[in-house]
Amino acid sequence: NDSYTAKGDFQLNAANHLFLRYASGHRFRFVPGAFGGIIDGTSTSAFGRQKLKSHSAALGWDRVLSPRALNEFRLGWGRDDSFAEQDPFGLNTLASAGIKGVQDNPIYSGGLPGITINSFGGVPQPAAGGGLGRLGSPDFLPKFQKTNQFQWADTVSLSFGRHQVKFGADLRLPMRNIFLDVPGLRGSWTFTGQYTGIGLADFLLGYPQAAQLSNLDIADSRLWMNSYFVEDSWQFSPRLTLNLGLRYDYATWPYEARGGATNLDLATGQKFTPAGSPFGPGLVQPDRNNFAPRLGLAYRLTPNTVLRAGYGRFYQLFERIGSEDQMELNLPWLVNNVVSTSSTTQTVNNMRVATGFNLSLDPSSVDPTKVRLRAVNTANVMPSIDQWNAGFQRALPLEMVLTMDYVGTKGTHLSVLRNLNQQLFNPDGTPTGIILYPGLGPIEFRDNMGNSEYHGLEATLEKRWKSGLAFSVAYTWSHSIDMVVDNLFSGGSGSIVPDSWNVKATNRGNSDFDYRHRLVVSYVYQLPAPHWVNSGGGRAAYHVLRDWRASGVTLARTGRPFTIFANANNSVLGVRGGITSDSYADCLGSGALSNRRSVSEWFNVTDFAVPKPPRLGSCGRNTLFGPNFVNFDFNLSRSFRYFGEGRSLEVRWDILNLFNTTHLGLPDQNASSKTFGQISSLSGDPRIMQFALKFIF
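Read on for a plain summary of the structure. (Residues numbered from 1 in each chain as written. Predicted model: local features only at pLDDT ≥ 70, side-chain atom pairs only at ≥ 80, totals over all residues. Heavy atoms only, no water.)

A word on the sheet that holds strand 11 (residues 210-214). On the basis of which strands lie adjacent, the open sheet formed by five strands has the order 7-6-10-11-19 and mixed pairing. Two strands close off the open sheet at either side, each with one partner strand: strand 7 (133-135) and strand 19 (336-340). Between one strand axis and the next, the sheet turns by 15° as a mean value, whatever way the strands run. Sheet topology places strand 11 next to strand 19; five bridges connect them, and they run antiparallel. Looking at strand 19, one finds that Ala210 is bridged to Ser340. (Pairing = 2+ DSSP bridges. Helix = DSSP H or I, 4+ residues; strand = E, 2+ residues; numbered from the N terminus. Axes fitted to C-alpha atoms, helices over the stretch in contact; angles between N-to-C directions.)

Structure below.
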């Protein structure tokens, strides 16, 4: 950060303060990918590479308007350029590997197409789910996202009597997001053993059962936001302070700069683009009703006790769920040609590996019933969160502070992903085979129909640093219920609701992050030097053995919830193979955790069954809880300050999972699996020790 004072009109004086900041940074990391190997000299490493370049700048100008008035102006700019690529990016192109039917392009070339070999006929199973798994990089690599944003904010502060009033505006414009998030740019094949009974044999013969290929589609998404606010901090009495506020938020729906987006009109069942949109280029009706009140109070009950309470409403003006709700990624702009076959004698699209891909990327030649449509409810409103709290804080002897609070949260109009072209169901849950839009394929539909509730009791005891000791003990009892899922969160419940026509009844349950009890203890302790050192035990020992600090964090929590699925029914309850949700199993008994509670039987598996004939299961979402979690991290460190002013040598010894506690993962949740109810994975690492020397200058 540079401190800069301009001259002339912006000379620093009692009424003006100008500052500038500029920062830039680079980050580079490896991210785990798929199973790796070598085929025909082409590397298919188990890693991809992810890079992030960021730049930001800020300009501020504070001006005293009068003895009771201050104006604060801020101008900010930020740009991020993130890029993830397959390990052999730019090397061993498809043409040089002899793969036909895919055009090489420097934006995405490098490595092999995606090759998935499933398990059949006793083939070794190194991959999850069996088979050789995937050779080549993930389908969604390479990908990038380039964001550019300006923020203009101005706040006026007025002081009069017992009131401190602030009002102003916060404008974020223009905002731009250029991204590539397309699967199958290099193509992909799947070999299932459908023709020989052995997946590896199908691969050696070059007989694919499924394939996909996409064109290059770079989206240029833009939007702008503005917010206006006023708040009053009112010293009502010497003991009581009130905070009153009101905020208004508005944001455009993201729109594609070239007009390259497509949405669905539910009334007519027809797709439309910005050229024919009744809602403007964003394809969704703007939401202009986002008024957010705020209220807070603090009351000093005694000199050592303060009561506090508050309420506020907050709007989420921008939301992106991966590529799932991006209307830019639709026909005719994006052609993601995905095909498969159930034939045991004819390969998909009569394709062979030797002759390459024969999938057309002409949008007019693609069957729309076999292409996914990403759509958003045109009547969507902005998701909102109401939060409230009440509690007290009390100063205790020995430099300690006790805080206890009740916290509540209510989410409204939260986003839910559902398959709008899922077939309808009979009253007994069996599929009817009837879909609402026969001229379309699967419809990944974002609808703001979700809600959530959270209630928590929080208690914290803190001791400030004194006499070589500081610590914090925090305990939370909470319960969270919702009907929405983060589609990038795994292990709890599926991201696409199992029954698109009865979302509340089938998807409302314990939140994926619903940890009922959570205890965190942290501490820092200045270790006293041994008595013999302080009593003349030698100058060298004095300098080495004093001023060591021990610190640590202990976390203990109850297990997270999970759902019992019947994945054998997924494809039956979906539509045309495009979008499948995780189907629920049938609950036959209490569904209680097993009395033996071991890795081989975490719950009573006989309480669950795969619904037959295939139909919607009777189990709910997140009805069981996984293993508890206890972890101790410890650190021993010392700083040697013998190298001049501003220089020191830090010695650290870190022990993660101090007692080498086994952290069990979730059990197998699939009632269709042979390992149903068994735990075969860990949720944390074994003990790790690391030593470090850090020279600070």
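A few words now on empty space enclosed by the protein. The final tally for this structure, using the stated rule, is seven cavities of 30 Å³ or more. Quantified by volume, the largest cavity comes out at close to 220 Å³. If you trace the largest cavity, you find 22 residues lining it, with Trp253, Pro254, Glu319, Gln326 and Arg446 closest to the centre. Among the residues forming the lining of the largest cavity, the class breakdown is eleven nonpolar, five polar and six charged. By volume, the second largest cavity amounts to about 80 Å³. Lining the second largest cavity, in full, are Lys271, Asn330, Leu331, Pro368, Val371, Arg372, Leu373, Leu440 and Gly441. The residue makeup of the lining of the second largest cavity, split by class, is five nonpolar, two polar and two charged. (1 Å grid on protein atoms, 1.4 Å probe; cavity = no way out; pocket = protein on both sides within 12 Å on 5 of 7 lines; lining within 4 Å. Points joined across faces, edges and corners; volume = space filled by probe spheres on them. Nonpolar A, V, L, I, M, F, W, Y, C, P; charged D, E, K, R; others polar.)

Residues Trp189, Ala211 and Phe357 are the most contacted members of the largest nonpolar core, which totals 16 residues. At the level of elements, strand 6 (114-117), strand 10 (188-191) and strand 11 are the ones that each hand at least two residues to this core. Residues Ala566, Cys619, Leu624 and Leu666 belong to the second largest nonpolar core, which totals 15 residues. (Core = buried A, V, L, I, M, F, W, Y, C linked by side-chain atoms within 4.5 Å. Buried < 20%, exposed > 50% of the residue type's maximum accessible area, 1.4 Å probe, protein only.)

It is worth spelling out the state of the cysteines at this point. Going through the model one piece at a time under the given rule, you end up with one disulfide. Bridging Cys587 to Cys619, the disulfide has an S-S length of 2.1 Å. Judged by the sign of its S-S torsion, about 125°, the cystine formed by Cys587 and Cys619 is right-handed. Of this pair, Cys587 sits in strand 29 (residues 586-587) while Cys619 sits in the loop between strand 32 (608-609) and strand 33 (624-625), and the two are 32 residues apart along the sequence. For Cys619, a relative accessible area of 4% translates into the label buried. (Disulfide = S-S within 2.5 Å.)

Take the packing of aromatic side chains next. Overall, the coordinates contain 19 aromatic pairs when judged by the stated rule. Relative to Tyr250, the ring of Trp224 has its centre 5.8 Å away and its plane inclined at 65°; by these criteria the two rings are edge-to-face. Of this pair, Trp224 sits in strand 12 (residues 219-234) while Tyr250 is found in strand 13 (residues 240-251), placing the two residues 26 residues apart along the sequence. You can call Trp224 partly exposed: its relative accessible area is 32%. Look at Tyr250 and you get buried, because its relative accessible area is 10%. On the basis of an interplanar angle of 40° and a centroid distance of 6.0 Å, the ring pair of Phe562 and Phe603 is categorised as tilted. Remark: Phe603 occurs in strand 31 (residues 601-603) and Phe562 occurs in strand 28 (residues 561-562); sequence separation between them is 41 residues. Note on accessibility: Phe562 and Phe603 belong to one class, buried. The structure contains a cluster of three or more aromatic residues connected by ring pairs, namely Phe562, Phe603, Phe608 and Phe676. Against the face of Phe144 rests Lys146, its NZ or CZ located 5.0 Å from the ring centre. The residue whose ring lies beneath Arg638 is Phe640, and the NZ or CZ to ring-centre distance is 4.1 Å. (Phe/Tyr/Trp six-rings, centres within 6.5 Å; stacked < 30°, edge-to-face > 60°. Lys NZ or Arg CZ within 6 Å of the ring centre and 35° of its normal.)

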